[in-house]
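Results of the structural survey
Spelled out, the chains give:
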Amino acid sequence: MSTPAPRGLTRRRLISALTIAAAAGPAAAACGTAAGGARRTATLRYQGWTGQVILPELAADLGHLGDVRLKWVGNTISGPQDVQSAATGQVDFGGAFNGAIVKLQEAGAPITSVIGYYGTDDRYYNGFFVLDDSPIKSPRDLIGKKIGMNTLGGHSQAVLDLYLRRNGLSSADIAKVEPLAVPPVTTEESLRRGQIDVAALSGIFQDKAVAAGGIRPLFKDHDFLGSFTAGSYVFRDDFIKRNPDTVRAFTAGVARTIEWSRGRPRAEVVARLTKILQARGRNENADALKYWKSWGVAEKGGVLTDREFDTWRTWLEDVGQIPKGRVKTADLYTNRFNPYRQGGSGR
């Protein structure tokens, strides 16, 4: 994949971020140069999520990553921040909503998506919830209301904006709807305490909140977008060039783990996730894991398709966040490391 040239203010922002990463020293350059040239690595630095087990962690526990090892460097609550960390070399891979990846690439970030890792289906979706007695009943009722979500500029904000536009709200009306960043582990509590009017919830946090009662869904992305893979893992282009075997092992391992999860009883997957979380000693509560149902990945093995980027590329163009025609979908991702591409068996 060719790296798009940074432009204007986005160029300055990107150069600043990359400069900070370069100045971070050996910790941010674990895959840097050594005597004789670039050094290859089989250890991948990454960020986790509090109270959750991500697919690569499950893949490592199952032995699906082969000789590749993971090195946890901390937690994040934001996909865009995670991918920015990968783009600036602070971690080796990161995962985010595909719309955020489109925006970062348009800004000149030298990254490529290699596999989908979460999405929307009839069991796993992004839902917007209100209290049972909330007066909010329709899209127009959201004007002037606070909408809590895990991060701004990510999946939830894009879905919210698309939902409002498709239901006839003007740009001026949408500007009066107030998205707020709220950590996923406290979003339900913020809704119940009245600190926000609507909570964007997904996965185990959604299921835990629904099981507790007292809330109702206002809308969900699956209602108007159907099933789709929503986010993908990315690597820097120079990392891929230097470490193709490591990227291949990572991608294949995550792909096989997606299919392992589909083929096992839910209770077995939950038990495995719980064991991993409890064993890693990060002072976390594993209770929410019992609500795990699906990763929501649409394609077999997390294979990526144009549609999963085109939906958000087109939306970003329509709302003026990126120039029309500047981002080419074919430059955003590759399936060459995925053993399930073009009907592969995963072996």
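Residues numbered from 1 in each chain as written. Predicted model: local features only at pLDDT ≥ 70, side-chain atom pairs only at ≥ 80, totals over all residues. Heavy atoms only, no water.

1. Concerning the overall build of the protein chain
For clarity, the cut-off: Only DSSP runs of H or I with at least four residues qualify as helices, and only runs of E with at least two residues qualify as strands; both kinds are numbered from the N terminus onward. In this scheme, a residue with accessible area under 20% of its type's maximum is buried, one over 50% is exposed, and one in between is partly exposed, where area comes from a 1.4 Å probe on protein chains only. The contact definition used throughout considers only heavy atoms, calling two residues in contact when any of these lie within 4.5 Å. Exposure was quantified through the Shrake-Rupley algorithm and a 1.4 Å probe, taking into account, for residues, occlusion by the shown protein chains and nothing else.
When helices and strands are tallied, the protein chain shows 13 helices and 12 strands. Counting every position in the protein chain, which comprises 347 residues, the buried fraction comes to 54%. Taking all contacts inside the protein chain whose residues are at least 6 apart in sequence as the whole, residues at least 24 apart take part in 79%. Taken as a whole, the protein chain presents about 15200 Å² of accessible surface, with 50% of it coming from carbon and sulfur.

2. Some details on the nonpolar core
Note that soluble globular proteins tend to have their nonpolar side chains buried in a common cluster. Condition: To qualify as a nonpolar core, a set must consist of buried Ala, Val, Leu, Ile, Met, Phe, Trp, Tyr and Cys residues joined through side-chain atoms within 4.5 Å. Per the annotation, domain bounds derive from an automatic or database assignment of domains.
Phe128, Leu142, Leu160, Phe235 and Trp312 are the most contacted members of the largest nonpolar core, which has 87 residues in total. When residues are assigned to domains, this core turns out to be shared by domain 1 (46-121 + 227-331) and domain 2 (126-225), each giving three or more. Judged by nonpolar contacts, the second largest core, of eight residues, contains Phe129, Val182, Ile196 and Leu201.

3. A few points about the sheet that holds strand β12 (residues 228-236)
Heads up, the condition is: Criterion used throughout: strands pair if DSSP finds at least two bridges between them. Working convention: axes come from line fits to C-alpha atoms, limited for helices to the stretch in contact. Angles between N-to-C directions cover 0 to 180 degrees.
What the three strands build is an open sheet, ordered β5-β12-β6; its pairing is antiparallel. With partners counted over all chains shown, the strands left at the sheet margins are β5 (93-97) and β6 (111-120), one partner each. Each strand of the sheet is rotated relative to its neighbour by a mean of 30 degrees, with strand direction disregarded. Here β5 pairs with β12 via five bridges, running antiparallel. Counterpart to Phe97 in the pairing with β12 is Gly231. Seen against the sheet, helix α3 (residues 79-87) touches β5, β6 and β12 and runs at an angle of roughly 145 degrees to β5. Against the sheet, helix α13 (residues 307-318) contacts β5, β6 and β12, and its axis sits at roughly 95 degrees relative to β12.

4. A closer look at the sheet that holds strand β10 (residues 198-201)
Two modes of strand pairing occur in sheets, parallel and antiparallel, and in both the strands are linked by backbone hydrogen bonds. Sheet architecture is open: five strands sit in the order β9-β8-β10-β7-β11, paired in mixed fashion. Sheet topology places β9 (178-181) and β11 (215-220) at the edges, where each strand pairs with a single neighbour. Across the sheet, the axes of successive neighbouring strands diverge by a mean angle of 30 degrees, strand direction being ignored. Taken strand by strand, helix α7 (residues 184-192) contacts β7 (127-131), β8 (146-149), β10 and β11, and its axis lies near 160 degrees from that of β10. Most of the contacts of helix α8 (residues 203-212) go to β7, to which it runs at about 30 degrees, and overall it touches β7, β10 and β11.

5. A look at the environment of Pro110
Mapping Pro110 onto the fold places it in the loop between α4 (98-106) and β6. Put simply, Pro110 and Val234 are 124 residues apart on the chain and 9.9 Å apart in space, counted from C-alpha to C-alpha.

6. Brief notes about the confidence of the model for the protein chain
What counts here: What pLDDT reports is the predictor's confidence in each residue, on a scale of 0 through 100.
Per-residue confidence for the protein chain gives a mean pLDDT of 86; residues scoring 70 or more make up 87%. Taken together, the stretch residues 1-37 has pLDDT below 50 and engages in 45 contacts with residues farther than four places along the chain or on a different chain.

7. Regarding unusual backbone geometry
Unusually for a residue other than glycine, Asn283 sits at a positive phi of about 55 degrees. Inspection of the secondary structure puts Asn283 in the loop between α12 (266-279) and α13.

8. Thoughts on the pattern of salt bridges
Between side chains of opposite charge, pairing is possible as soon as their charged atoms come close. Spelled out, the test is: A carboxyl oxygen of Asp or Glu within 4 Å of a side-chain nitrogen of Lys or Arg is what we treat as a salt bridge.
Tallied over the full model, the rule gives 20 salt bridges. Between Arg282 and Glu57 there is a salt bridge whose closest N-O contact spans 3.2 Å. Here Glu57 lies in helix α2 (residues 55-62) and Arg282 lies in the loop between α12 and α13, a separation of 225 residues in the sequence. We classify Arg282 as buried; its relative accessible area is 18%. Between Lys275 and Asp61 there is a salt bridge, with the nearest N and O atoms lying 3.3 Å from each other.

9. Thoughts on α3
For α3, the tally of buried residues reaches seven of nine residues, placing the bulk of the element in the interior. Three or more residues of α3 are buried, namely Gly79, Pro80, Asp82, Val83, Ser85, Ala86 and Ala87. Two residues or fewer after α3 comes Gly89, characterised by a positive phi angle close to 80 degrees.

10. A word on the packing of α7 against α8
Threshold: Here the angle decides the label: under 35 degrees means roughly parallel, over 145 means roughly antiparallel, 65 to 115 means roughly perpendicular, and every other value means oblique. Take the far helix as the reference: if the near one is turned anticlockwise from it by less than a right angle, the crossing is left-handed, and if turned clockwise, right-handed.
One way to put it is that α7 packs onto α8 with a least axis distance of 9 Å and a crossing angle of 30 degrees. One finds that α7 runs roughly parallel with respect to α8. Seen from above, α7 lies across α8 with right-handed handedness. Counted together, Pro184, Val185, Glu188 and Arg192 of α7 and Phe205, Lys208, Ala209 and Ala212 of α8 form the full contact between these two elements.

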